[in-house]
Amino acid sequence: MRRIPIIPRIGWQAEVERWGMVYHTHESQPYWFEAAYYELTSDDVERIETGTAELHEMCLKAVDHVIKGRDFARFKIPEKAWSAIASSWRAQEPSLYGRFDLAYDGVNPPKMLEYNADTPTALLEAAVIQWQWCQAVFPSSDQFNSIWEALVSRWKLLRSQNLIPECIYFAHEPALEDLMTVALLRDTAFEAGVESWGIHVEEIRWNSAQWRFVDADDHSIDAFFKLYPWEWLLSDQFGEHALATLASHKWIEPIWKMILSNKAILAVLWELFPNHPNLLAAYLDSPRGMSTYVCKPLLSREGANVRIMAGDRVQEQTEGEYGSEGYVYQALAELPEFDGFHPIIGSWIVGNEPCGVGIRESEGRITTDFAQFVPNLIAG
């Protein structure tokens, strides 16, 4: 793996907008960054793909372990959701997609930093924008990227098995980043023959007479894709209704993914699979003598409230609103450095299969919402 500087395309902003990337610049700095690209070898791709598949399988085993042991309290999941999570898992309610964030230096096995299993974003960039960049700039090159095709196939499978209805409401907040992710998912669903409606989360209503969620025109909503975390949903005023009507409303992602989207899963994985080459040591009670480690809130997003520690000394930290829910203490994986930037690999799972990667990089060692997305290709 290496980072190669290049000259960006003239008018790249208009080009990525043409493919739906309306959020490409953050506070005058490019979020989509094509003044460089990462070149992966076929060995890199094989390590990432194999590691991702193995991590996903271990994660499913960890979910089963947590549910059978009723170990929800360690995840700080409210007790009112425990039985719903267990029922959802036993019913094998299907998952659509997820994204592992991995530390990878091109030499050692990729290490799991976390699993964005409930509301992963940066999907349009990975599935479409970097592929179109590759076709325009390096048309004879290939890319580890079948994300679009995998999503279309997944929607078709779910529909053919009657696991989802003919029409799904895609709910999200108004942020442009969320809009891009939902737009891509709706497009792949459409290609698979699944109808959809877009709706902002705050537009969803509760009809007490019908005992159902409805839209602004009082149309009944049978199925949701929600780019909105389960822990937020359950703390909202309609959270009780969501739990009470799980049998009559289809939710994507299913509620059992509350376990995987919580960083307590890192400690459970280490307990079940100690010293696995794709895992980092992780504990919930304390650092347990680790000399360097990362302190992460169980529910933090975009690198908020993360601290890199050397003993009792803070080496690097970020601010935010998380932490009251508790922390996990994870061994530090030193990210590689290329031209002053530290990349992490976003490895995508659709259904149960790895299907592509996206790379974000930061000047600091903590990847935040200021990280830039850099395209990649396979050396050939």
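Rules of the game
Residues numbered from 1 in each chain as written. Predicted model: local features only at pLDDT ≥ 70, side-chain atom pairs only at ≥ 80, totals over all residues. Heavy atoms only, no water. 1 Å grid on protein atoms, 1.4 Å probe; cavity = no way out; pocket = protein on both sides within 12 Å on 5 of 7 lines; lining within 4 Å. Points joined across faces, edges and corners; volume = space filled by probe spheres on them. Nonpolar A, V, L, I, M, F, W, Y, C, P; charged D, E, K, R; others polar. Buried < 20%, exposed > 50% of the residue type's maximum accessible area, 1.4 Å probe, protein only. Helix = DSSP H or I, 4+ residues; strand = E, 2+ residues; numbered from the N terminus. Pairing = 2+ DSSP bridges. Axes fitted to C-alpha atoms, helices over the stretch in contact; angles between N-to-C directions. Expected span 1.5 Å × (residues − 1). Phe/Tyr/Trp six-rings, centres within 6.5 Å; stacked < 30°, edge-to-face > 60°. Lys NZ or Arg CZ within 6 Å of the ring centre and 35° of its normal.

Trainee: Run through the layout of surface pockets, naming residues and quoting values.
Mentor: The volume enclosed by the second largest pocket comes to roughly 290 Å³. As for the second largest pocket, its lining consists of 16 residues, of which Q29, E363, F370, A371 and Q372 are closest to the centre. For the lining of the second largest pocket, the residue count by class is six nonpolar, six polar and four charged.

Trainee: Describe the pairing of strand β5 (residues 97-103), and please don't skip the residues or the numbers.
Mentor: The buried count for β5 comes to seven of seven residues, which makes it a mostly enclosed element. With burial as the criterion, each face of β5 is covered, one bearing Y97, R99, D101 and A103 and the other bearing G98, F100 and L102. In this sheet, strand β18 (residues 342-350) lies alongside β5 in antiparallel orientation, the contact comprising six bridges. Paired with F100 across the bridge in β18 is S347. The pairing of β5 with strand β6 (residues 111-116) spans five bridges and is antiparallel. Each bridged residue has a counterpart across the sheet, and for D101 the counterpart in β6 is E114.

Trainee: How would you summarise empty space enclosed by the protein if you had to cite specific residues and measurements?
Mentor: Within this structure, the stated rule accounts for two cavities of 30 Å³ or more. Within this model, the largest cavity holds a volume of roughly 40 Å³. Lining the largest cavity are R99, A122, A126, G346, W348, G358, R360 and F373. Within the residue set of the lining of the largest cavity, elements represented by two or more residues are β18 and β19 (353-362). Broken down by class, the residue content of the lining of the largest cavity amounts to four nonpolar, two polar and two charged. Put simply, the second largest cavity is a space of about 30 Å³. Forming the walls of the second largest cavity are M112, L266, L269, W270, L279, L280 and Q330. Among the elements that take part in the lining of the second largest cavity, helix α10 (residues 264-272) stands out by supplying three residues, more than any other. Within the lining of the second largest cavity, the residues separate by chemical class into six nonpolar, one polar and no charged.

Trainee: Give me the lowdown on the sheet that holds β6, citing residues and values where you can.
Mentor: Strand order in the open sheet formed by five strands is β6-β5-β18-β19-β20, with antiparallel pairing between adjacent strands. The outermost strands of the open sheet, each flanked by one partner alone, are β6 and β20 (372-374). Across the sheet, the mean angle from the axis of one strand to that of its neighbour is 35 degrees, orientation sign disregarded.

Trainee: Hey, could you go over helix α2 (residues 42-68) for me, with residue numbers and the actual values?
Mentor: End to end, α2 covers 39 Å across 27 residues, agreeing with the expected 39 Å (1.5 Å per residue, within 8%). Once α2 finishes, R70 follows within two positions and takes phi at roughly 45 degrees, a positive value.

Trainee: Can you tell me about the packing of aromatic side chains, naming the residues and giving the values?
Mentor: The geometry of two aromatic rings is summed up by the distance between their centres and the angle between their planes. Counted under the stated rule, the structure contains 23 aromatic pairs. With 5.4 Å between their ring centres and 25 degrees between their planes, F72 and W82 make a pair best called stacked. In this pair, F72 is assigned in the loop between α2 and α3 (82-90) and W82 in helix α3, connecting sequence segments 10 residues apart. Relative accessible area serves as the criterion here: at 0%, F72 is assigned to the buried category. Judged by centre distance (6.1 Å) and plane angle (65 degrees), the rings of Y293 and Y329 are edge-to-face. A residue pair is termed long-range when its members are at least 10 positions apart, and Y293 in strand β14 (residues 292-297) and Y329 in strand β17 (residues 327-331) qualify at 36 residues. What makes Y293 buried here is its relative accessible area of 8%. Connected via pairs of aromatic rings, a cluster forms that spans W206, W211, F213, F224, W230, F238 and W251. In this structure, R301 packs its charged tip against the face of W232, placed 5.5 Å from the ring centre. Above the ring of Y327, the side-chain terminus of R307 is found at 5.3 Å from the ring centroid.

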